[in-house]
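# Topology and contacts: notes
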Amino acid sequence: MKPTVFCSVLSLALYSLAAHAATPESKALYDQTRAAAAAQYKADHAQCRTLAGNARDVCEAEAKARQVRAEEDAGAQYKNTLDAYTKARMRIASANYDLDRAKCGALGGNDKDVCLAQAKATRVAAEADAKADEKAFEARQDARDDKRTAQYKVALEKCDAFAGAVKDNCVSTAKAQYGK
């Protein structure tokens, strides 16, 4: 999956993080996806054995990168936490880095050095994006919480205009509305 597509998937998934518990169906899907990824890797790896040299190294790295991507996507969706999505993106970046390094193996001299530097730069950029997205999501969540608390305080202040049961009802409504 290309980084931009993964970021879109990540964005959609992060917005659905609230109150999604793992269900037996999601556990079964997760297990099924992991098993399928392992089986696909085994088949891909067997095909790679027919190759030699750098072509074999690249083939094996591609197979491993596909497996890591499938397993990490499934794991992140199953766990459905910000940390799981971030760690998945980091592991995928690492697998892609290994693939890029394998592709550089066919080169020599300065071309190989440039290729390896580019591979590392791509990994560093992907990891930095994952960390930045995590921090941005946390900042947006903190801002939402701060706004909600401020709105709750305003609602409580409005309740001060009442007395007795009406005030109690107003406070209860405010607590329910703002999750306090």
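Calculation criteria
- Residues numbered from 1 in each chain as written.
- Predicted model: local features only at pLDDT ≥ 70, side-chain atom pairs only at ≥ 80, totals over all residues.
- Heavy atoms only, no water.
- Helix = DSSP H or I, 4+ residues; strand = E, 2+ residues; numbered from the N terminus.
- Buried < 20%, exposed > 50% of the residue type's maximum accessible area, 1.4 Å probe, protein only.
- Contact = heavy atoms within 4.5 Å.
- Areas by Shrake-Rupley, 256 points an atom, 1.4 Å probe, with all protein chains shown as cover.
- Core = buried A, V, L, I, M, F, W, Y, C linked by side-chain atoms within 4.5 Å.
- Salt bridge = Lys/Arg side-chain N within 4 Å of Asp/Glu carboxyl O.
- Expected span 1.5 Å × (residues − 1).
- Axes fitted to C-alpha atoms, helices over the stretch in contact; angles between N-to-C directions.
- Parallel < 35°, antiparallel > 145°, perpendicular 65-115°, else oblique.
- Nonpolar A, V, L, I, M, F, W, Y, C, P; charged D, E, K, R; others polar.
- pLDDT = per-residue confidence, 0-100.

The next point concerns the overall build of the protein. For the protein, the count of helices and strands is 6 helices and 0 strands. For the protein, the succession of helices and strands along the chain, N to C, is α-α-α-α-α-α. Counting every position in the protein, which comprises 180 residues, the buried fraction comes to 26%. Pairs at least 24 apart in sequence give 62% of the contacts found in the protein among residues at least 6 apart. With the model as given, the accessible surface of the protein reaches about 11,400 Å², and the carbon-plus-sulfur share is 55%.

This paragraph deals with unusual backbone geometry. For N80, which is not a glycine, the phi torsion comes out positive at approximately 55 degrees. For N80, the position within the fold is in the loop between α3 (53–79) and α4 (82–104). Residue classification places N80 among the buried residues on the basis of a relative accessible area of 11%.

The subject of this paragraph is the nonpolar core. If you look at the biggest cluster of nonpolar residues, it comprises 8 residues: V58, A61, A65, V68, I92, A95, L99 and A102. Elements that contribute at least two residues to this core include exactly α3 and α4.

Enumeration according to the criterion identifies 8 salt bridges in this entry. Residues R89 and D133 are paired through a salt bridge, measuring 2.6 Å at the closest nitrogen-oxygen approach. Here R89 is found in helix α4, whereas its partner D133 is found in helix α5 (residues 109–159), with 44 residues between them in sequence. Look at D133 and you get partly exposed, because its relative accessible area is 28%. With a shortest N-O distance of 3.3 Å, K167 and D160 are connected by a salt bridge.

Here α5 is 51 residues long and its end C-alpha atoms lie 75 Å apart, about the 75 Å a rise of 1.5 Å per residue gives. When α5 is considered as a whole, its buried residues turn out to be A119, A130, E134, F137, Y152, A155 and C159.

Moving on, we come to the packing of α4 against α5. Relative orientation and spacing of two packed helices are given, respectively, by the angle between their axes and the distance between those axes. Packing of α4 against α5 leaves a shortest axis separation of 9 Å and a crossing angle of 175 degrees. Relative to α5, α4 is oriented roughly antiparallel. Residue composition of the contact of α4 with α5, grouped by class: 11 nonpolar, 3 polar and 13 charged.

Chain-level pLDDT for the protein is 88 on average; 88% of the residues reach the 70-or-more range. The least confident element of the protein is helix α1 (residues 3–15), whose mean pLDDT is 45; the most confident is α4, at 96. Every residue in residues 1–20 scores below 50 in pLDDT, and together they form 26 contacts with partners more than four places removed in sequence or on other chains.

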